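Each chain, letter by letter, is given below.
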Amino acid sequence: MTELSGSRVLVIGASGGLGSRIARRLADAGAILALSGRNAARLDALDVPAERIVADLRSESGSASVVVEAESRLGGLDAVVIASGVVAFGPASELDPDTAIELFAVNALSPIDTIRAALPALTRSAGEGRKPVVVTISGIVAEVPTAGLAAYSASKSALAAFMVAAGRENRRAGIRLLDARPGHTETGLVTRAIAGAAPAFPEGLDPDHVADVIVEAIASDARDLPSSAF
Ligand SMILES: NC(=O)c1ccc[n+]([C@@H]2O[C@H](COP(=O)([O-])OP(=O)(O)OC[C@H]3O[C@@H](n4cnc5c(N)ncnc54)[C@H](OP(=O)(O)O)[C@@H]3O)[C@@H](O)[C@H]2O)c1
C-alpha cells in the first residue's frame, strides 16, 4: 500500500479533465501537490491547495524545469502524474508534419523527458523508504492502434513502450512506473483536437470513474492499468 497522505506529488496537465480530478482525489487523500499546466488562469481556477507551476511542455526546457521546480517547492518528490496530452484526427495520408511533431512532443517526448528528469528525485524518495511512482495515461490506442488516429496512436504507443522498459530498469530501485490505458473518456478532449474532427463516438467512460481507478491503483501498488481495468 502506498501512503498518499504526506506524499509529494507533481501533477502535469492538472487543469485537464482527468488531471484535475486526479489532483482533487490526491489532495483529499492528504497528498502535498504541485500542479502544472500551460495556462495560469485555468490552474488558479482549480480549488485544490497546491503549488502551481505554469509551463508549456513544448518549450525546450519545459518538462525538466517543471520537475526541478516541483522538487524544490515540495522539498522532494514521491510521485509524478503525467495527465497532459493532445489528440488529432484524420487519415494518415492527410497528416500534417507539424501535427505529428506536436503529438509526439506533448504525448511522448515531453513525458519521457519528465520521467528522465524525475528519476533522481524519485530515487532519493525510495532511499527515504517511500514508494515512488510515475503515472502516465497513454490510453487504449496504445493497445489497439486506431484508424483515423494513426499518429496519436503511434505517440501513445511510444510512451507506453517507454514505460514498460523504464519500469523494468527501475523496479529494483523501488520506483514503480504505471501506465493507464483507459478507452474514450468524456472529458471533452476530442473537442479540443489540434487537427481534424472527431467521428461520432459512442458514449465514453465517466472521467470520475477513470480518475478513481487511477488513484486507487496508485495507492494499491498496482503495476499496470490496461484498458480492461476501466
Ligand atoms: N479523454 C480521453 O478519451 C482519453 C482516453 C485515454 C487517454 N487519454 C489521455 O489522458 C490524458 C488527459 O486527457 P484529458 O481527457 O484529461 O484531456 P484534457 O482535458 O484536454 O487535458 C489535457 C491536458 O493537457 C494539457 N496540455 C496540452 N498540451 C500541453 C502543452 N503543450 N503543455 C502543457 N500542457 C499541455 C492541457 O493543458 P491546458 O489546460 O493548458 O490546455 C490539459 O491540462 C491525455 O494524455 C490523453 O491523451 C484521454
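For the structure itself, consult the block above.
Basis of the calculations
- Residues numbered from 1 in each chain as written.
- Predicted model: local features only at pLDDT ≥ 70, side-chain atom pairs only at ≥ 80, totals over all residues.
- Heavy atoms only, no water.
- Near = heavy atom within 4 Å.
- Polar contact = N/O pair within 3.5 Å; in protein donor to acceptor, adjacent residues only side chain to side chain.
- Helix = DSSP H or I, 4+ residues; strand = E, 2+ residues; numbered from the N terminus.
- Nonpolar A, V, L, I, M, F, W, Y, C, P; charged D, E, K, R; others polar.
- Contact = heavy atoms within 4.5 Å.
- Pairing = 2+ DSSP bridges.
- Axes fitted to C-alpha atoms, helices over the stretch in contact; angles between N-to-C directions.

Neighbouring the ligand are 29 residues; Gly-17, Tyr-152, Lys-156, Thr-185 and Thr-187 lie closest to it. Take Gly-13: an N or O atom from its main chain is 3.4 Å from an oxygen atom of the ligand. In the model, a nitrogen atom of the ligand is placed 2.9 Å from a nitrogen or oxygen of the Asp-56 side chain. Sorting the residues of the shell around the ligand by element identifies helix 1 (17-28) and helix 5 (150-170) as the ones contributing at least two each. Looking at the shell around the ligand residue by residue, the class counts come to 10 nonpolar, 13 polar and six charged.

Mapped onto the elements of the fold, Glu-60 is located in the loop between strand 3 (51-54) and helix 3 (62-74). Expressed as a C-alpha distance, the spacing of Glu-60 and Leu-74, which sit 14 residues apart in the sequence, is 23 Å.

With that out of the way, let us pick up the side chain of Asp-179. With respect to the secondary-structure elements, Asp-179 resides in strand 6 (residues 176-180). Among the polar contacts listed, one links the side chain of Asp-179 to the side chain of Ser-138, at a separation of 2.7 Å. Those residues within four positions of Asp-179 in sequence are excluded, and the remaining contacts are Thr-136, Ile-137, Ser-138, Ala-160, Met-163, Asp-224 and Leu-225.

Quick look at the sheet that holds strand 6 now. Strand order in the open sheet made by the six strands is 3-2-1-4-5-6, with parallel pairing throughout. Because the sheet does not close on itself, it has two edges, and the strands there are strand 3 and strand 6. The average undirected angle you get between the axes of adjacent strands in this sheet is 15 degrees. Note: strand 1 (residues 8-12) against strand 4 (residues 79-82), four bridges, orientation parallel.

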